[in-house]
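Tertiary structure, described
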Amino acid sequence: MTTPGPVTSEVLHELAAGVRRGATLVALDFDGVLAPLVDDPAESRALPASSAALAHLAAASVPLALVSGRALEDLWVVARPPVGAHLVGGHGAEHGHATADGLVREPLALPPEAARTLEELAAALEALVAGTTARVEHKPASVVLHTRTAAPDDAARLTRAAASAGHDAGVDVLAGKDVVELSVLDVSKGEALRGLRDRLGVAQVFYAGDDVTDERAFAALEPQDVTVKVGPGPTAARHRVADPAAVAALLSDLAALVAAPPAAP
Ligand SMILES: O=P(O)(O)OC[C@H]1O[C@H](O[C@H]2O[C@H](CO)[C@@H](O)[C@H](O)[C@H]2O)[C@H](O)[C@@H](O)[C@@H]1O
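As recorded by an unreviewed UniProt entry, the protein carries the name Trehalose 6-phosphate phosphatase and is attributed to Actinotalea fermentans. UniProt, in the comment section headed Catalytic activity (unreviewed entry), describes the protein in these words: "alpha,alpha-trehalose 6-phosphate + H2O = alpha,alpha-trehalose + phosphate". UniProt annotates the protein under Function (unreviewed entry) with the comment "Removes the phosphate from trehalose 6-phosphate to produce free trehalose."

1. Considerations on the overall build of the protein
Scanning the protein for helices and strands turns up 8 helices and 12 strands. In terms of overall dimensions, the protein is globule-like: its C-alpha atoms have a radius of gyration of 19 Å, near the 18 Å expected for 265 residues. Counting only C-alpha atoms and orienting by the principal axes, one finds that the protein spans roughly 65 × 35 × 30 Å. Buried positions account for 52% of the 265 residues belonging to the protein. Sequence separation of at least 24 residues holds for 55% of the intrachain contacts in the protein that already meet a minimum separation of 6. Across the protein, the 21 positively charged side chains and the 34 negatively charged ones have centroids separated by 3 Å.

2. Comments concerning the sheet that holds strand β11 (residues 226–230)
Strands in a sheet are paired, the pairing made by backbone hydrogen bonds, and the direction either parallel or antiparallel. With mixed pairing, 8 strands are arranged side by side in an open sheet as β5-β4-β3-β2-β1-β10-β11-β12. Among the strands making up the open sheet, the edge pair consists of β5 (102–105) and β12 (239–241). Looking at each pair of strands side by side, their axes are set apart by 25 degrees on average, direction ignored. Taken together, the 3 bridges between strand β1 (residues 24–28) and strand β2 (residues 64–67) define a ladder with parallel strand orientation. Its bridge partner lying in β2, valine 26 is registered against leucine 64.

3. A word on the site of the ligand
Around the ligand, a shell composed of 21 residues is seen, among which Val38, Ser68, Glu137, Arg148 and Lys177 lie nearest. At a separation of 2.7 Å, an oxygen atom of the ligand approaches a polar side-chain atom of aspartate 29. Here an oxygen atom of the ligand and a side-chain polar atom of lysine 189 are 2.7 Å apart. Computed on the free molecule, the ligand has an accessible area of 570 Å², of which 99% lies beneath the protein chains in the complex. Put simply, the ligand lies in the largest cavity. Among the residues forming the shell around the ligand, the class breakdown is 5 nonpolar, 5 polar and 11 charged. Shared between two domains, the shell around the ligand takes at least three residues from each, and those domains are domain 1 (9–108 + 187–259) and domain 2 (112–183).

4. Examining the layout of surface pockets
Taken as a whole, the largest pocket holds about 180 Å³ of empty space. For the largest pocket, the lining is made up of 15 residues, of which Glu14, Leu15, Gln204, Gln224 and Val226 are closest to its centre. The residue inventory of the lining of the largest pocket, partitioned by class, reads 6 nonpolar, 5 polar and 4 charged.

5. Notes on the pattern of salt bridges
Counted by the stated rule, this structure contains 14 salt bridges. For aspartate 29, the salt bridge is made with lysine 189, and the minimal N-O distance between the two is 3.1 Å. Residue aspartate 29 is found in the loop between β1 and α2 (48–59), and its partner lysine 189 is found in helix α6 (residues 189–200); the two are separated by 160 residues along the sequence. A single burial state applies to aspartate 29 and to lysine 189, both of which are buried. The salt bridge partner of glutamate 222 is arginine 197, with a shortest N-O separation of 4.0 Å.

6. Examining unusual backbone geometry
At arginine 80, a residue that is not glycine, the phi angle is positive and equals roughly 45 degrees. Here arginine 80 shows up in the loop between α3 (72–79) and β3 (86–89). Positive phi, close to 60 degrees, is recorded for histidine 91, a residue that is not glycine. Mapped onto the fold, histidine 91 is located in the loop between β3 and β4 (94–99).

7. Brief notes about the nonpolar core
Val26, Leu28, Leu57, Phe206 and Leu254 are the most contacted members of the largest nonpolar core, which has 40 residues in total. Secondary-structure elements contributing two or more residues to this core are α1 (9–20), β1, α2, β2, α3, β10 (204–209), β11 and α8 (244–259). Looking at this core element by element, the count peaks at 7 residues for α8. Not counting residues within four places of it along the chain, the set of residues in contact with leucine 254 comprises Leu12, Leu15, Ala16, Val19, Val26 and Leu57.

Rules used in this analysis
- Once a new chain begins, its residue numbering starts again from 1 and follows that chain's sequence as written.
- Only residues with pLDDT of at least 70 get local features here, since the model is predicted, and only at 80 or more are side-chain atom pairs given and counted; chain-wide, interface and lining totals rely on the full set of residues.
- Working from all heavy atoms in the structure, the side-chain values ignore hydrogens and water.
- UniProt positions are given in the numbering used here, feature names are shortened, and annotations may be inferred rather than shown by experiment.
- Segments assigned H or I by DSSP are reported as helices when at least four residues long, segments assigned E as strands when at least two residues long, and all are numbered from the N terminus.
- Based on C-alpha atoms, the radius of gyration is set beside the globule rule, defined as 2.2 Å times the residue count to the power 0.38.
- Relative accessible area decides the class of each residue, using a 1.4 Å probe on protein chains only: under 20% of the type maximum gives buried, over 50% gives exposed, and in between gives partly exposed.
- In this description, contact between two residues means that some pair of their heavy atoms is separated by no more than 4.5 Å.
- When charges are counted, neither His nor the chain ends are considered; positive counts come from Lys and Arg and negative counts from Asp and Glu.
- By convention, the point assigned to a charge is CZ for Arg, NZ for Lys, CD for Glu and CG for Asp.
- DSSP bridges decide pairing: two strands pair if at least two such bridges lie between them.
- Angular values range over 0 to 180 degrees, each being the angle between N-to-C directions of two axes fitted as lines to C-alpha atoms, with helices fitted over their stretch in contact.
- Whether a residue is near a molecule or strand depends on its heavy atoms: if one lies within 4 Å, it is near.
- Polar contact criterion, stated in full: a pair of N or O atoms within 3.5 Å, where within protein one must be able to donate a hydrogen and the other to accept it, and residues adjacent in sequence count only if both atoms are side-chain atoms.
- Areas reported here follow the Shrake-Rupley algorithm with a probe of radius 1.4 Å; residue values treat only the protein chains shown as occluding.
- A cavity here means a set of points on a 1 Å grid, drawn over the protein atoms and nothing else, where a 1.4 Å probe fits but cannot get out; a pocket is an open set with protein on both sides within 12 Å along at least five of seven lines, and a residue lines either one if it has an atom within 4 Å of a point.
- Think of it this way: if more than half of a molecule's atoms are within 2 Å of a pocket's grid points, that molecule is in the pocket or cavity.
- Think of it as three bins: nonpolar holds Ala, Val, Leu, Ile, Met, Phe, Trp, Tyr, Cys and Pro, charged holds Asp, Glu, Lys and Arg, and polar takes everything else, Gly as well.
- Domain start and stop points were drawn from an automatic or database domain assignment.
- Grid points are joined across faces, edges and corners, and a volume is the space filled by probe spheres set on the points.
- A pair is scored as a salt bridge if a Lys or Arg side-chain nitrogen falls within 4 Å of a carboxyl oxygen belonging to Asp or Glu.
- Residues enter a nonpolar core if they are buried and are Ala, Val, Leu, Ile, Met, Phe, Trp, Tyr or Cys, with the set joined through side-chain atoms within 4.5 Å.

Set out below in structure tokens:
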């Protein structure tokens, strides 16, 4: 892994030039990127400055995508993305887009064996968290252990047990920030971004993510893409910003440059 650098003014101006040409997809993770992390996932909201910047980019017909680990419906409710935005949920399991009439989702049908495995894992995790303040989140293609509000000893024990249940069941185990996600589909944010690149015919992808789960996206992107890690931690991203407030500032600067490009010298 290389050391990520800041998003300099030069990087931002080059990015804005690509965005203005319609050659760049602006894609963002939600939790920890557009929205600060909180104890109750239902309470998460994007920072107002980020939402405003996304609305300005959408009004300028910039291709936008939110690429999240959340279930698609949940992402729609908390993110309230602008009309036209593409939505990817469940780390790539679910796809849809925002319209003026609401969320349009592509159908997702689990193979019967995957559906059975999901049910078994959900029951196993529910049994594990009984009597603790950890909790289980159920999604269409995965089940998630949340330990943010658990006592530290419980969190460590439950995290190990959930990962081990996932490995035993032969499913994809993704450990994120105070979560262990057991997915019965073989999907990733990287694959989802590559799919969007092909579908939209864009030459460049901008992607910002904060969690270890976003490393699959950074690793799948190409040298011309602009990857931004939000917060500390090892990363394959080429750039780093500190927190969701810094993301909001970056998106606001980008939207301003797209709306009013600098005058030619
Ligand atoms: O890919 P993301 O959009 O970052 O989604 C990843 C997970 O986000 C949510 O959990 C995280 O945010 C919660 C609210 O701030 C926080 O309580 C939790 O500890 C974080 O891991 C969401 O609940 C999960 O389903 C997503 O997989």
